[in-house]
Amino acid sequence: MKKQLPDTGIIVPGHEATVTNKGGYHFEGAFSTIVPGTPIMDDEGTLRGVTKPRYMVYVHSYGGEALFFEALVRDHKLLATRCENSKCPGHGMMYLPYRSHCPDCGLKMTPIDMTELAYNEAKVYTFVVTERSGAYNTLAKPIRFIDIEFPGIITFLKSYMILGEPSIGLRVVPVFRTDPTFTIEDLAWVPEGTKPEELPEGWTFSALPSDDEDPANAYEGVPDKELVRMANEGDLEARQEIFFRDCNE
Amino acid sequence: MVRKGGKPEIRSRIRLKEVYYEEYPIKSPKGRKGMQMIQFSDRQLRIPSLSRPVYMITGGMSQFGRAFPGKKTEELCLDAVIMAAEMLGMDWLELKQFIQAGFYGHFADHFGDQLLGEAVIHDRLGLDPLPGIGIKTGGATGGYTMWTTMMAVASGMIDCGLALGWERMDEVPTDEGNHLIACAADKDWETGMGHIYAGYYAPMSTRYWELIAKKDPKFRETLAKIAVKHRGYALNNPFAHGGMKITIEDVLNSPVVSEPLRALDCCLMSVGSACAVFCDETTANEFYNRTGQKPLRVWIGAGTHTLRVADRRPMEIPLLPHETVEMYTGSEHRYPGFTGFLAARMACYFGYRMAGVQNPLEDFDIVELHDAFTISDIQTYEDAGLRPYGQGNDYVESGDCYHTNPHTGQPGKLPSNLSGGLIGNMHAVGATGVMQAVEVALHLWNRHGEIHGDPNRWVAFGKEKPNDWVDLQVQNAHRGMAISHAGVGSHVTCTVLADPDHLFTGKEVVA
């Protein structure tokens with residue numbers, strides 16, 4: 001389990017993080033590797049400093065946002081969240097970036113599949129094209145940053161385009177990395193109308209949803225009382241259905 | 001549209017339901033175009049008040065530069081506090097006898113590879129074992145450091161406190177620096193994309209440039225005028241590290257950073273330190289009787305907004321004392337969207353009312369604004385109410401923002417960034433907000449020319465004082481303001497300073 005540090009020729013042992021049966025992280029391998037430094041002298045031979053190189057691996061916990069990244073990577077779906085607390089002034093507000101808890105009432109929000117909304121309605125709100133990047137960048141340059149707006153979503157989503165040139169108001173659709181890195185960089189955007197064969201290698205559109213994926217049909221004709229009972233027993237879909245009925249009244 | 005893609009291998013853990021936006025009811029009647037708005041209670045929007053008046057008695061700065069291999073950070077901090085002491089005719093040992101706590105603004109621990117850098121500085125200044133605390137709010141670190149110091153003095157917890165800010169940005173290569181700054185964006189949703197802050201910041205200016213400025217070449221020239229002005233003023237400032245004699249054409253022909261911004265539209269990346277000393281009225285009088293330097297009243301309003309710009313939710317425009325609802329009725333732009341900085345507006349909303357400011361353009365004599373980029377400088381004119389939203393460029397075109405109005409040859413109505421600002425003077429992040437307050441204070445003390453024109457200072461900084469050096473002191477300056485602003489607008493403060501014999505016409509909010 002060895003690997004070479006980028007552009008250095010330095011070989012370090014690999015690393016692996018797992019979750020223990022107690023729920024903590026277990027780290028194994030090279031999470032921190034020391035690399036020798038060098039002194040810095042000026043022309044007159046005065047010591048002006050020293051370099052202190054190191055190789056360090058961070059872990060990012062996804063916590064309550066893990067569901068978004070799982071759906072992104074495994075299902076090629078985009079999840080938003082929505083506040084369902086009818087007492088909250090933010091009741092009904094939908095969020096992408098996915099946030100687990102409502103910024104108004106602090107209660108856990110409900111995940112919503114918004115993939116079709118993205119395919120049908122996403123537009124570039126603003127953008128910038130940058131020729132430069134910082135250390136550790138993995139995106140091809142120039143980077144076409146876009147902020148995307150979706151009707152019904154109270155926030156925007158920052159992402160990037162891998163095909164075409166961005167402009168304000170441009171209709172874009174999401175594409176997903178087939179060999180995922182389990183990061184937000186696995187999601188990118190292309191102009192509406194891009195054909196599958198035009199996508200660069202390693203990217204795909206999401207599959208079209210099938211009818212059996214739409215649980216809305218399951219609750220047709222179910223009385224309100226029965227729905228409340230089901231929701232109280234923890235049926236998430238029943239809770240959603242109550243929410244929609246409330247909204248439509 | 002036909003889409004093609006592999007069937008998902010693993011079903012999501014929840015049963016997903018397709019939802020369309022038409023299904024959402026709009027409960028808030030206030031929103032434009034039916035958009036739901038965030039709201040706040042009257043209690044949350046209560047105007048902050050100080051339990052007792054707070055005064056700024058002195059301030060100081062180190063030299064600012066791109067790199068100082070010959071000085072450690074603590075040496076630069078000592079330079080600043082020694083200048084603050086000298087401003088009062090004291091040495092640091094003497095001034096230190098008044099200081100009961102240290103408040104330290106330092107944005108990026110990882111730039112200096114030193115956690116608790118504030119503890120290092122506190123020790124090197126000889127303030128152990130007195131209380132000391134670090135404050136970090138991105139580009140607004142300097143402003144928030146003073147905000148914290150003000151609260152400590154106002155509460156009676158201390159009578160005199162040191163607000164000191166610094167930044168060390170020369171110890172890593174630029175691309176690593178870009179990455180480290182990009183770590184101030186959301187690590188899981190933004191940083192990985194490009195590892196460069198421009199990717200998060202510049203889309204805001206694109207939106208302003210296309211929708212408000214409408215890509216007007218005249219507006220582009222207005223931006224260039226700001227760069228010319230700030231780099232030009234910096235030539236008269238011995239502390240500054242970015243003074244340049246340039247033309248509008250130079251700016252327009254400098255390399256593109258991201259449309260419409262060119263290299264000369266962007267602020268500096270600096271190393272340096274700045275400090276201010278705040279105290280209560282009794283201590284202020286003691287200083288005044290001893291040194292003759294008039295203490296200045298200080299009020300600081302503070303605001304915040306989402307670290308991820310993408311998380312901005314719409315709301316009604318919070319109005320400043322001189323604004324009316326009618327000014328923005330029928331506006332087609334979502335507020336704040338990406339074209340305004342809500343945190344800056346809230347800082348002014350609170351700060352102006354704390355101090356009794358009624359109209360910033362009329363009430364202030366000098367301002368220092370956060371010109372990280374020429375276009376964000378214009379956005380700040382609007383957030384701070386120097387012009388209504390959408391009309392910020394007029395503050396430049398009217399000549400109001402100049403020391404001497406180029407159209408009339410008379411003093412500008414409200415000169416801004418005579419220090420050179422972030423574009424011409426410095427942006428040593430943790431020090432910037434403090435530097436701005438010190439620069440404003442120098443005008444109110446009528447010492448701007450003395451401090452900037454001192455030939456010995458130019459020599460000490462290894463520079464030659466220009467033959468055409470100009471004294472930019474604003475005559476009869478009694479009241480000023482400084483905006484300390486974090487990158488995409490996550491934190492902003494509005495520091496209001498006033499000669500106690502020339503307070504504002506409005507009613508000050510008193511606890």
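Residues numbered from 1 in each chain as written. Chains lettered and ligands numbered in written order. Predicted model: local features only at pLDDT ≥ 70, side-chain atom pairs only at ≥ 80, totals over all residues. Heavy atoms only, no water.

1. Concerning the overall build of chain A
- Counting its secondary structure elements, chain A contains 4 helices and 17 strands.
- A burial count over chain A gives 47% of its 249 residues as buried.
- Contacts spanning at least 24 positions in sequence make up 48% of the contacts within chain A whose residues lie at least 6 apart.
- Of the accessible surface of chain A, which amounts to about 12700 Å², a share of 51% is contributed by carbon and sulfur atoms. (Helix = DSSP H or I, 4+ residues; strand = E, 2+ residues; numbered from the N terminus. Buried < 20%, exposed > 50% of the residue type's maximum accessible area, 1.4 Å probe, protein only. Contact = heavy atoms within 4.5 Å. Areas by Shrake-Rupley, 256 points an atom, 1.4 Å probe, with all protein chains shown as cover.)

2. Some thoughts on the overall build of chain B
- Counting secondary structure elements, chain B contains 19 helices and 11 strands.
- The C-alpha atoms of chain B give 23 Å as radius of gyration, which agrees with the globular expectation for 511 residues (24 Å, within 12%).
- Per-residue burial over chain B gives 62% buried out of 511 residues.
- Of all intrachain contacts in chain B linking residues separated by at least 6 positions in sequence, the fraction that spans at least 24 positions is 77%.
- Of the roughly 19000 Å² that chain B leaves accessible, carbon and sulfur atoms contribute 53%.
- Between the mean site of the 49 positive side-chain charges and the mean site of the 60 negative ones, chain B shows a separation of 8 Å. (Rg over C-alpha atoms; globule rule 2.2 N^0.38 Å. Lys, Arg positive; Asp, Glu negative; His and termini not counted. Charge placed at Lys NZ, Arg CZ, Asp CG, Glu CD.)

3. Quick word on the packing of helix 1 (residues 73-86) of chain B against helix 4 (residues 117-124) of chain B
Residue and element names in this part refer to chain B.
- For the pair helix 1 and helix 4, the least separation of the axes is 10 Å and the interaxial angle reads 55°. The angle between the axes of helix 1 and helix 4 places the two elements in the oblique class. Helix 1 and helix 4 meet at a crossing whose hand is right-handed. Residues Thr73, Glu74, Cys77 and Leu78 of helix 1 form the contact with helix 4, whose participating residues are Val120, Ile121 and Arg124.
- Across the contact of helix 1 with helix 4, the residue classes break down as 4 nonpolar, 1 polar and 2 charged. (Axes fitted to C-alpha atoms, helices over the stretch in contact; angles between N-to-C directions. Parallel < 35°, antiparallel > 145°, perpendicular 65-115°, else oblique. Left-handed = near helix turned anticlockwise from the far one by under 90°. Nonpolar A, V, L, I, M, F, W, Y, C, P; charged D, E, K, R; others polar.)

4. Thoughts on the sheet that holds strand 9 (residues 79-82) of chain A
Residues and elements named next belong to chain A.
- Overall, antiparallel pairing links the 3 strands, which are arranged 10-9-11 in an open sheet. Edge strands, defined here as strands with exactly one partner in the open sheet, are strand 10 (94-95) and strand 11 (110-113).
- With 2 bridges joining them, strand 9 and strand 10 adopt antiparallel strand pairing. For Arg82, the partnering residue across the bridge sits in strand 10 and is Met94. (Pairing = 2+ DSSP bridges.)

5. Concerning the confidence of the model for chain B
- Averaged over every residue, the pLDDT of chain B is 91; the share at 70 or more is 93%.
- For the stretch residues 4-33 of chain B, pLDDT sits under 50, and the model shows 79 contacts to residues farther than four places along the chain or on other chains. (pLDDT = per-residue confidence, 0-100.)

6. Overview of the layout of surface pockets
Residue and element names in this part refer to chain B.
- Of the volumes computed, that of the second largest pocket is approximately 950 Å³.
- Along its surface, the second largest pocket is lined by 36 residues, and Ile38, Phe40, Met315, Glu316 and Pro318 are the ones closest to its centre.
- Contributions of two or more residues to the lining of the second largest pocket are made by strand 8 (296-304) and helix 12 (342-355).
- Take the lining of the second largest pocket: its biggest share by element is 5 residues, from helix 12.
- Across the lining of the second largest pocket, the residue classes tally to 17 nonpolar, 10 polar and 9 charged. (1 Å grid on protein atoms, 1.4 Å probe; cavity = no way out; pocket = protein on both sides within 12 Å on 5 of 7 lines; lining within 4 Å. Points joined across faces, edges and corners; volume = space filled by probe spheres on them.)

7. Structural notes on the packing of aromatic side chains
- Overall, the coordinates contain 30 aromatic pairs over all chains when judged by the stated rule.
- Plain terms: the ring middles of Phe98 of chain B and Phe287 of chain B are 4.3 Å apart, the flat faces sit at 35° to each other, and that makes the pair tilted. On the criterion of sequence distance, the pair formed by Phe98 of chain B in the loop between helix 2 (92-96) and strand 2 (101-106) and Phe287 of chain B in helix 11 (residues 281-291) is long-range, its members being 189 residues apart. For the residue pair Phe98 of chain B and Phe287 of chain B, the accessibility class agrees, reading buried in each case.
- Ring geometry for Phe364 of chain B against Phe504 of chain B: centres 5.7 Å apart, planes inclined by 85°, an arrangement best described as edge-to-face. Note that Phe364 of chain B is positioned in the loop between helix 13 (360-363) and strand 9 (366-368) and Phe504 of chain B in the segment after strand 11 (491-498), a separation of 140 residues in sequence. Like Phe364 of chain B, the residue Phe504 of chain B is buried in the burial classification.
- Site record: aromatic cluster; members linked through ring pairs are Phe145 of chain A together with Tyr197, Tyr200, Tyr201, Phe341 and Phe373 of chain B.
- Looking at Arg207 of chain B, its charged tip hangs above the ring of Tyr125 of chain A, at a distance of 3.7 Å from the centre.
- We note Arg353 of chain B situated over the ring of Tyr349 of chain B; from NZ or CZ to the ring centre the distance is 4.2 Å. (Phe/Tyr/Trp six-rings, centres within 6.5 Å; stacked < 30°, edge-to-face > 60°. Lys NZ or Arg CZ within 6 Å of the ring centre and 35° of its normal.)

8. So, helix 6 (residues 174-182) of chain B
- Here helix 6 of chain B has its buried residues at Glu176, Gly177, Asn178, His179, Leu180 and Ala182 of chain B.
- Residues of helix 6 of chain B that are buried sit in contact with helix 3 (109-112), helix 7 (187-191) and helix 8 (198-212) of chain B.

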